[in-house]
Amino acid sequence: MKRIVITGAAGQIGTELAANLADRYGSAAILATDVRDPAEWQNGGQAEQLDCMDLEAVRHTVVRFGADAVFHLAAVLSAAAEADPLRAYRINMNGLVNVLHVAAETGCRVFTPSSIAAFGPETPRDPAPQSTVQRPTTMYGVTKVAGELLCDYYHSRFGVDARGLRFPGLISYTAPPGGGTTDYAVDIFRAALREGRYTCFLNADTRMDMMYMPDAIRAVIELMEAPPDALTHRNAYNVTAMQFTPAELAAEIQRHMPAFLIDYSPDPVRQSIADSWPARLDDSEAREQWGWRHRYELPDMVADMFRGLDSQTARIEAGAAGR
Ligand code: VAH
């Protein structure tokens, strides 16, 4: 890969992926795009506004930049999709088909994430196999399953080198998540530092599959750099790292902040979404076929989240003081 366009670059994954790809390939090789005005989000590299719902705009951006790879991240996440299913369907499906269609025209390699949300209540929960029944009960999950099939179709019908990963909940401190069900595991850290307490929108014993963002970014890059003939799946490989409940996360936070308090006020919509997802993915094929290995477990993720948020706060305060 020599010239990369990222869509949804202002989002939770996109923010860190853009920085990591610029470090790895050089900032001149990366064009970060998002439907939002770059003035609101860009942080140094090349950035443009792009609505991936506009096929001509996607084609023009990819061709003008001379891209040989597109990392398509623009999507509406699970809880936000339940609030406006029609908008989520249109963005998640039309955005992806536009990227795949342009990739078929230009020969671009394509990455797009799938999710544990691509599974539903009939899927074996622990673990969910690589190949199994996929009957999600959320609009986000429907678009993830359909997206997986769309990528496989463009690969088999038009030869598009499409690749994907089924991510668990992703935890990071760089960019706030937007509209996900696993977002409690991100919000809890900022609430702990700001107020010393957090009201969780899921039950204390809701066990979910999770991954720290540095592991997720490395998985994307390792998959996209893997030799194509090593891959028996295109969209998408199961990848996982750790599983925990809100109560277990709170206990780990209390090892750093003994006075931290948590209480629970389950949101029926997000609780039902969480209950429909597997508790753990079987990622043995990713480990065997392209060497996937996670590095962060719960204790080291929590420690690094506090390190990251502390340094982020220090930079904000230094900026405010004009230092
Ligand atoms: C969500 N963070 O909660 C996303 C993710 C597995 C969850 O897809 O919707």
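Structure: see above.
What you see is a predicted model, and the numbers here were worked out from it, not measured in a lab. (Residues numbered from 1 in each chain as written. Predicted model: local features only at pLDDT ≥ 70, side-chain atom pairs only at ≥ 80, totals over all residues. Heavy atoms only, no water.)

(A) Seen up close, unusual backbone geometry. In the segment running from Asp126 into Pro127, the intervening peptide bond is cis, with an omega of 0°. Following the sequence through the fold, Pro127 ends up in the loop between strand S6 (114-115) and helix H5 (139-158). Between Asn235 and Ala236 the backbone carries a cis peptide bond, its omega angle lying at 5°. (Helix = DSSP H or I, 4+ residues; strand = E, 2+ residues; numbered from the N terminus.)

(B) Expanded view of the sheet that holds S6. Spatial ordering of the open sheet is given by S6-S8-S12, a layout of 3 strands whose pairing is parallel. A single partner strand is all that each edge strand has here, and the edge strands are S6 and strand S12 (237-238). Both strand S8 (residues 165-167) and S12 contribute to a ladder of 2 bridges, which runs parallel. When the sheet's bridge partners are listed, Leu165 is paired in S12 with Tyr237. Helix H7 (residues 213-225) rests against S8 and S12 of the sheet, and its axis sits at about 170° to S8. (Pairing = 2+ DSSP bridges. Contact = heavy atoms within 4.5 Å. Axes fitted to C-alpha atoms, helices over the stretch in contact; angles between N-to-C directions.)

(C) Up close: the site of the ligand. Close contacts around the ligand come from Leu77, Ser78, Ser115, Ile116, Tyr140, Phe167, Pro168, Gly169, Gly180, Thr181, Thr182 and Trp277, and that covers them all. Ser115 is positioned with one of its side-chain polar atoms (N or O) 3.0 Å from an oxygen atom of the ligand. Protein contact buries 95% of the 280 Å² of open area that the ligand shows by itself. Here the shell around the ligand is built from residues that sort into 6 nonpolar, 6 polar and no charged. (Near = heavy atom within 4 Å. Polar contact = N/O pair within 3.5 Å; in protein donor to acceptor, adjacent residues only side chain to side chain. Areas by Shrake-Rupley, 256 points an atom, 1.4 Å probe, with all protein chains shown as cover. Nonpolar A, V, L, I, M, F, W, Y, C, P; charged D, E, K, R; others polar.)

(D) Broad picture of the side chain of Arg234. Assignment of secondary structure puts Arg234 in the loop between H7 and S12. Residue class for Arg234 comes out buried when judged on its relative accessible area of 12%. Within the local environment of Arg234, its side chain forms a polar contact with the side chain of His155, the two groups lying 3.5 Å apart. Polar contacts involving the side chain of Arg234 include one to the side chain of Asp161, which spans 2.3 Å. Here Arg234 is in contact with Asp152, His155, Asp161, Ala162, Arg163, Gly164 and Pro228, once residues within four sequence places are set aside. (Buried < 20%, exposed > 50% of the residue type's maximum accessible area, 1.4 Å probe, protein only.)

(E) The arrangement of the packing of aromatic side chains in detail. Tallied over the entire structure, the rule returns 9 aromatic pairs. With a centroid separation of 5.4 Å and an interplanar angle of 70°, the aromatic rings of Phe189 and Phe306 are classed as edge-to-face. Separated by 117 residues along the polypeptide, Phe189 in helix H6 (residues 184-195) and Phe306 in helix H11 (residues 298-320) bring together distant segments of the chain. Looking at Phe189, the relative accessible area reads 0%, which means it is buried. Taken together through their ring pairs, the aromatic side chains of Tyr153, Tyr154 and Phe158 make up a single cluster. Sitting above the plane of the Phe65 ring, Arg3 keeps its charged end 4.0 Å from the centroid. Lying over the aromatic face of Phe201, Arg270 brings its terminal NZ or CZ to 3.6 Å of the ring centre. (Phe/Tyr/Trp six-rings, centres within 6.5 Å; stacked < 30°, edge-to-face > 60°. Lys NZ or Arg CZ within 6 Å of the ring centre and 35° of its normal.)

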